[in-house]
Structures are given as structure tokens and as C-alpha cells.
Amino acid sequence: MDKIKLEIKDVLGTVSQADIDALKGAAQAGLEKLVKGTGAGNDFLGWLKLPTDTSDALLDDINATAAALRRDCDVVVCIGIGGSYLGAKAVLEALGNSMGVNKGPQILFAGQNIGEDYLYELQEYLKGRRFGIIVISKSGTTTEPAIAFRLLKAQLEAQVGREAAGKLIVAVTDAKRGALRTLADTEGYKTYVIEDNVGGRFSVLTPVGLLPIAVAGYDIKKLVAGAAAIEEATLNGSDTSAMVYAMTRNALYRAGKKIEILVNYNPKLHFFGEWWKQLYGESEGKDHKGIFPAAVDNSTDLHSMGQWIQDGERTIFETVISVEKQAHEVRIPSDADNLDGLNYLAGKRVDEVNKMAELGTRIAHVDGGVPNMRIVLPGLCECCLGQLIYFFEVACGISGYILDVNPFNQPGVEAYKRNMFALLEKPGYEAETKAIKERL
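How each quantity is defined
- Residues numbered from 1 in each chain as written.
- Predicted model: local features only at pLDDT ≥ 70, side-chain atom pairs only at ≥ 80, totals over all residues.
- Heavy atoms only, no water.
- Pairing = 2+ DSSP bridges.
- Helix = DSSP H or I, 4+ residues; strand = E, 2+ residues; numbered from the N terminus.
- Axes fitted to C-alpha atoms, helices over the stretch in contact; angles between N-to-C directions.
- Contact = heavy atoms within 4.5 Å.
- Buried < 20%, exposed > 50% of the residue type's maximum accessible area, 1.4 Å probe, protein only.
- Right-handed = clockwise from strand over helix to strand, strands pointing away.
- Polar contact = N/O pair within 3.5 Å; in protein donor to acceptor, adjacent residues only side chain to side chain.
- Expected span 1.5 Å × (residues − 1).

**A short note on the sheet that holds strand 2 (residues 75-79)**
In step 1: The sheet built from five strands is open, its strands ordered 3-2-4-5-6 with parallel pairing. Each having just a single partner strand, strand 3 (106-110) and strand 6 (190-193) make up the two edges of the open sheet. In this sheet, adjacent strand axes meet at a mean angle of 20 degrees when their direction is disregarded.
In step 2: Together, strand 2, strand 3, strand 4 (131-136) and strand 5 (169-173) form the strand contacts of helix 7 (residues 143-160), whose direction differs from that of strand 4 by roughly 155 degrees.

Written out as C-alpha cells, the structure is:
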């Protein structure tokens, strides 16, 4: 199995190797807290050994459910928000055909926003189509997915009948409690469990992410195997890359680099950047501390964000994901007139041009005072993505402990919900409604 590789030499003009090494003790302590479960948030460590603990029986069951949905549906709508949506979306975009010509049912998403036009257009699109639903929510009452599920469940039942709809809905939810668990048991939906000790942003390697990925026709056993390889190597100490990444980004943070930009040179990785932003933003942004996670898609964003990155405020560093091998080969043809002046590229692969754009940009940014780390991904396949997912997850836990925050809670996200419920006059929020209306 080809492994992902981390390179940090292009940060050494900003921080020294000694600065990075000074955090080795804190990183080792962070990893030990994860392994022994002695750190803050230790009741949310179910993801840590998930790849090696996941049984073939569970994967086979997920594949069987996926096969049934593939057989009976032309479209499957995955309903969820945050970690219940971004992990699956990231993997599907990375593995899928960029033009949407894929081998499984079309996978659409809902419940990740409260867009009225989005939901109207989705429902219009589903009229007369064979569709199924994967609904993902521990409680079943999270506002965004609950609204989407109420609408789409009613539409599916109207189109095929309640009994048939029950066979086309799969719920990924709590084992015993919550509104969605109660409904699933009543209606006889096929269900999978979101364990209490796995937070949403760490859930992509559970049925939360594995089921939509399997429905789309991808090999979830290879995805889990890739993650398992990094889990074993990291936890037994034979691969320290995740620790080094956590150490380096924290050394840069202490040197005044407050923003990390995750950079890709492959458009299929756009949503991987979105997943990564949630993972690190929600894990580290606490107690008025934390590196701000941003992401760009190059070379596209070199024509929009490139100027700021090159010459703007020097509070940033970049982590570049470089995909070593492409799945396809396209060579640039020669042209007799050469009006565009591109004949010097004739015969070269497009990826060679892309790689030189990446190298040239990294050199320019480093020369401009933007330190760069680089993660080399062997290719865009299930195994490689499994490796990358687990690498970032375990590094996130270590990094959070170096930063001295609880990487596994998210107390700040509740503030907007309280205000929203008060403004909507939700029962039980009468005092908050009165108070917020007085403010307005």
C-alpha cells in the first residue's frame, strides 16, 4: 500500500526545526491522552480505533443495504448537516466523475441548509423519479435536516405509498433514544447506529459516511483499510507524520501564523477542504484560541485569492495536498498556427503543467513569506482517501491538546440555535423570546 507523505522543509524559513521539536513532548502527551483516554473530551474517542474495530459483517450489511437502494432508486437523497454530510460529500466528489456521470444512483444532499428555493427545486426534481432517503441525525430534531426530512418523507409517501416508502428510507441515528429512533422503530426503517462516543465531524468512517459512499458504488472496505493502515502506524509509533503535522502547525501558530490555508491542485478535492475546515474549526476554535482554517482550489483561486496570499498580511501558512498520480491521461496537441503560443507544451500531459503550476506557486509563496507544508497523496482512490481522513483526524486530536483545548466539544455552536428558537417562538423558549424581542 502506497502511503501518504508529509513534507515540512518549506516552513523552516519561518520556524526552526528546534521550534518544532520543542513541541514533541506536548505532541506525545496528546497522543497518549488519545490512546489512554485521559484528556478532555475522552467520552468522544470512539473514532480513534474505529477503522481496525469495524467488522466485515457491518461493512457487508452496509453494502447489502446500498445494493437495495441502488436497485430501487435512481436518486438517493442524503439528509444531514455538518459531519453528517461533509465527509460523505468529500469522498463522493473526490472519487466521482466531474461531469456527474457516475456508476450508481445520483446522490443528492438536503438538510445542510435552510434554503427555501433549494428545497423547492429539489422537490420539483424528485417528482416522478424513483428516489430513496438516507436520513442522518442522532436526535431527529436538528432544525435543518428535520425540515428537509419532513418535506421529503411526505413527498415519498405521496408518490409510492407509506409502506413502500418505509423500504426506501434508511435512518442513521441513536441506538435507543430520540425522535428519529422512535419514528424508525414505528415505521420499520432499516437503521444504523451513530455511537454516542463519535462526534459528527469524526463520523465519516461510520455508517454516516459509509452508507452514501457505498450507495454511489465505491469500495468502503478499501476506504476503511486505508484508514486502518494509518491508525495502526500512528498508534504504534512507527509513523509520526500526524504528530509532526500537529507540532508544525502549532509552532507556526506560536510564531504568529494564525490562518492555515488547505490548498489543492485537483478540483475533485474541493469538498475535502470543506470537511477539513469543519474538523479543525469546530475542534480548535475555543477559549479565544485556534488557527483559522481556510481552503482554496488552485490553480483556479490563484486568479482570485493569489494576490492576497502572495502579498497580503503575513499571518498565513499553507498546507498543500498534492495528488501524485492521475486516473487519466490527456496530452496537449500541437497546432500549426500556434496563435495561443502553447506549442512549447505540445506533447506534455496536462498534469505535468499542473504540477509545475503547483511547484512554481509554492516557491513563490515561500519566497513571499508564506511557509508551506505538503502532503503527497498517491492518488484519488478509496484507500488513499481513507489514509488522509484518519491522518487529519488523529492530528486534529493531538493538535487540540497541544493548544490546550478540548478538541471534541463544540459549545459555541449552541448560541445561534438559542437565538433562532427564541425568534421562532419555539415552545419552552418563552423567556428567551421575550428577552430577544426587547433587544430588537
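Following the structure, the description resumes.
**Some words on the pairing of strand 7 (residues 259-264)**
In step 1: Within strand 7, five of the six residues are buried, which leaves the element mostly enclosed by the surrounding structure.
In step 2: Alignment of strand 7 against strand 8 (residues 292-297), held across six bridges, turns out to be parallel. From the neighbouring strand, Ile-261 faces strand 8, where its bridge partner is Ala-294.
In step 3: With respect to chirality, the unit in which strand 7 leads through helix 13 (residues 270-284) into the neighbouring parallel strand 8 is right-handed.
In step 4: Here six bridges tie strand 7 to strand 9 (residues 316-323), and the two strands are oriented parallel to one another. What sits directly across from Ile-259, in strand 9, is Ile-316.

**So, the side chain of Thr-248**
In step 1: With respect to the helices and strands, Thr-248 occurs in helix 12 (residues 241-254).
In step 2: Judged by relative accessible area, which is 0%, Thr-248 ranks as buried.
In step 3: In terms of polar contacts, Thr-248 uses its side chain to reach the backbone carbonyl oxygen of Val-244, at 2.7 Å.

**Digging into helix 12**
In step 1: The end-to-end C-alpha distance of helix 12 is 20 Å, a good match for the 20 Å that 14 residues give at a rise of 1.5 Å each.
In step 2: With respect to burial, helix 12 is a largely interior element, 12 of its 14 residues being buried.
In step 3: After helix 12 finishes, the residue Gly-256 shows a positive phi value of roughly 95 degrees.

Keep in mind these numbers describe shape, not what the thing actually does.
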